[in-house]
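Architecture at a glance
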Amino acid sequence: MTSEMIDPTVEASLDAPGPETTRVATRRLSKWTLYSRRYARNKGAVAGLVIFALLVLFAIIGPLVARYDHVELDFLALSLGPSSEHWFGTNNAGNDLFAQVAVGLQRSLMIALTVSIGVTIVSALVGTAAAYFGGWTERITLLIIHFMMVIPSFLILAMISNKSGGDWRIIALIMIFVIGWYFPARVIWTLALSLREREYVSAARYMGVRGFTIVLRHLLPNIGSLLVINFTLGVVNAVVTETGLSFLGFGVKIPDVSLGALIGAGSSSLTTAPWLFYFPAAALTLLTVSMALVADGLRDALDPTSAAGGRA
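Note that the coordinates shown come from a computational prediction; the quantities given were computed from them, not determined experimentally.

Bringing a nonpolar patch on the surface into the picture now. Taken together, the side chains of V46, V50, L54, L57, I60, I61, L64, V65 and W87 define a hydrophobic patch exposed on the protein surface, amounting to about 820 Å² of accessible area. Along the chain, L54 falls in helix α4 (residues 43-65). The exposure class assigned to L54 is exposed, which follows from its relative accessible area of 53%.

It is worth spelling out helix α11 (residues 211-219) at this point. Of all the residues in α11, the buried ones are G211, T213, I214, V215 and L219. Those residues of α11 that are buried are in contact with α5 (97-133), α9 (182-195) and α10 (199-206).

Let's shift gears to the packing of α5 against α9. Packing of α5 against α9 brings their axes to within 7 Å, and their N-to-C directions diverge by 40°. What the angle tells us is that α5 and α9 run oblique. Crossing angle aside, the handedness with which α5 passes α9 is right-handed. Contacts between α5 and α9 pair V119, S123, A124, V126, G127, T128, A130 and A131 from the former with P184, A185, I188, W189, A192 and L193 from the latter.

To continue, consider the side chain of T90. Tracing the sequence through the fold places T90 in the loop between α4 and α5. Excluding its chain neighbours within four sequence positions, the residues that come into contact with T90 are A77, L78, S79, L80, N95, D96, L97, W275 and L276.

Per the counting criterion, the structure on display carries seven aromatic pairs. Aromatic pair F88 and F98: ring centres 5.1 Å apart, planes at 70°, arrangement edge-to-face. In this pair, F88 sits in the loop between α4 and α5 while F98 sits in helix α5, placing the two residues ten residues apart along the sequence. Classification of F98 as buried rests on a relative accessible area of 8%. Between Y132 and F133, the ring centres sit 5.1 Å apart and the planes meet at 80°, which makes this aromatic pair edge-to-face. For Y132, a relative accessible area of 12% puts it in the buried group. Look at F133 and you get partly exposed, because its relative accessible area is 41%.

For F231, the position within the fold is in helix α12 (residues 224-248). F231 sits 119 residues away from A112 along the chain, and the two C-alpha atoms are 10.0 Å apart. Not counting chain neighbours up to four residues away, the residues in contact with F231 comprise L113, S116, I117 and T120.

Turning to the packing of α5 against α11, a few remarks are in order. The geometry of α5 relative to α11 is characterised by a closest axis approach of 10 Å and an angle of 120° between their N-to-C directions. Compared by their axis directions, α5 and α11 come out oblique. For the pair α5 and α11, the sense of crossing is right-handed. Packed against α5, whose contacting residues are L125, T128, A129, Y132 and F133, the element α11 presents G211, F212, I214, V215, L216 and L219 at the interface. Grouping the constituent residues of the contact of α5 with α11 by class yields nine nonpolar, two polar and no charged.

Attention now moves to the nonpolar core. Formed by 43 residues in total, the largest nonpolar core has its most connected members in L105, W181 and L287. Among the elements of the structure, α4, α5, α6 (135-150), α8 (168-178), α9, α12, α13 (259-267) and α14 (275-302) are those that each provide at least two residues to this core. At eleven residues, α5 tops the list of elements feeding residues into this core. Those residues within four positions of L105 in sequence are excluded, and the remaining contacts are L55, F58, A59, L259 and L287.

Before going further, it helps to examine the pattern of salt bridges. Within the structure shown, the criterion is met by four salt bridges. The partner of R196 in a salt bridge is E197, with the nearest N and O atoms 3.5 Å apart. Judged by its relative accessible area of 55%, E197 is exposed. In this structure, R299 and D300 form a salt bridge, with 3.4 Å as the shortest nitrogen-oxygen distance. Under the relative-accessibility criterion, D300 is labelled buried at 5%. Salt bridges here are not isolated pairs; linked through shared partners, they connect D296, R299 and D300.

Calculation notes
Residues numbered from 1 in each chain as written. Predicted model: local features only at pLDDT ≥ 70, side-chain atom pairs only at ≥ 80, totals over all residues. Heavy atoms only, no water. Patch = residues over 30% accessible without salt bridge, like charges linked within 9 Å, V, L, I, M, F, W, Y side chains within 5 Å. Areas by Shrake-Rupley, 256 points an atom, 1.4 Å probe, with all protein chains shown as cover. Salt bridge = Lys/Arg side-chain N within 4 Å of Asp/Glu carboxyl O. Helix = DSSP H or I, 4+ residues; strand = E, 2+ residues; numbered from the N terminus. Buried < 20%, exposed > 50% of the residue type's maximum accessible area, 1.4 Å probe, protein only. Contact = heavy atoms within 4.5 Å. Axes fitted to C-alpha atoms, helices over the stretch in contact; angles between N-to-C directions. Parallel < 35°, antiparallel > 145°, perpendicular 65-115°, else oblique. Left-handed = near helix turned anticlockwise from the far one by under 90°. Phe/Tyr/Trp six-rings, centres within 6.5 Å; stacked < 30°, edge-to-face > 60°. Nonpolar A, V, L, I, M, F, W, Y, C, P; charged D, E, K, R; others polar. Core = buried A, V, L, I, M, F, W, Y, C linked by side-chain atoms within 4.5 Å.

Here's what the structure looks like:
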């Protein structure tokens, strides 16, 4: 049969995609593409991600473009407001506040990201292992978690501070980690309790797969969305905790800087030199708000039952 003898309607039907073609096209759409589309529908989450990216860019590039180093003193500009020479003003010692805020944000981000990664890993392993193995492992783990939850955090801070030798890196990292891992671990343990009875876990157990391998290959991947959200919120909690510790004198200390140390130093001169407080406080507020918006967007994007994420 030649091409002239083919009915145009038949030819159109041959070219139209059938159900199999549609299923193949849908199957090729990866889950990450679906997640990104759902995330992009949340305008607040997109705005939070943009703000966070700008803050990271400021923390990286700020010290490079600043006219003064954060420890350099300008004795001709003591406690002066923002100007063309000192964009954020100076403190009473002559330090450039722009450079200090950029370096302080850099320090706070470094501490927050390091602690949040460690807390997410440890809480995930402890929570899932306690839920899967049960028995004495579960009882001892929950006993430790509940004991840590009822002890006032300031007692733990005081004990670690006396043993740390005065190094702010040891103080800040250990303190924030110690008081931050147990609550996420208990939340993960609660979720993992329902997963340990699933068919794929029972099948792996009957096939002789080792318990820790089941935890790593079957339990942890199925709570991945929760871990991502915990990590994002952990950054916010770590930043706020570090700020509080530095404000109280436990964390980063002058001449080194962090947002908490700058806010603590600026609070004493709020009426005479308000820029010393407002600029680091604004950076802290933008950081915490942006990460909260990102966490909210990730929750909606990763949760298929969330109506806020829209249809994929």
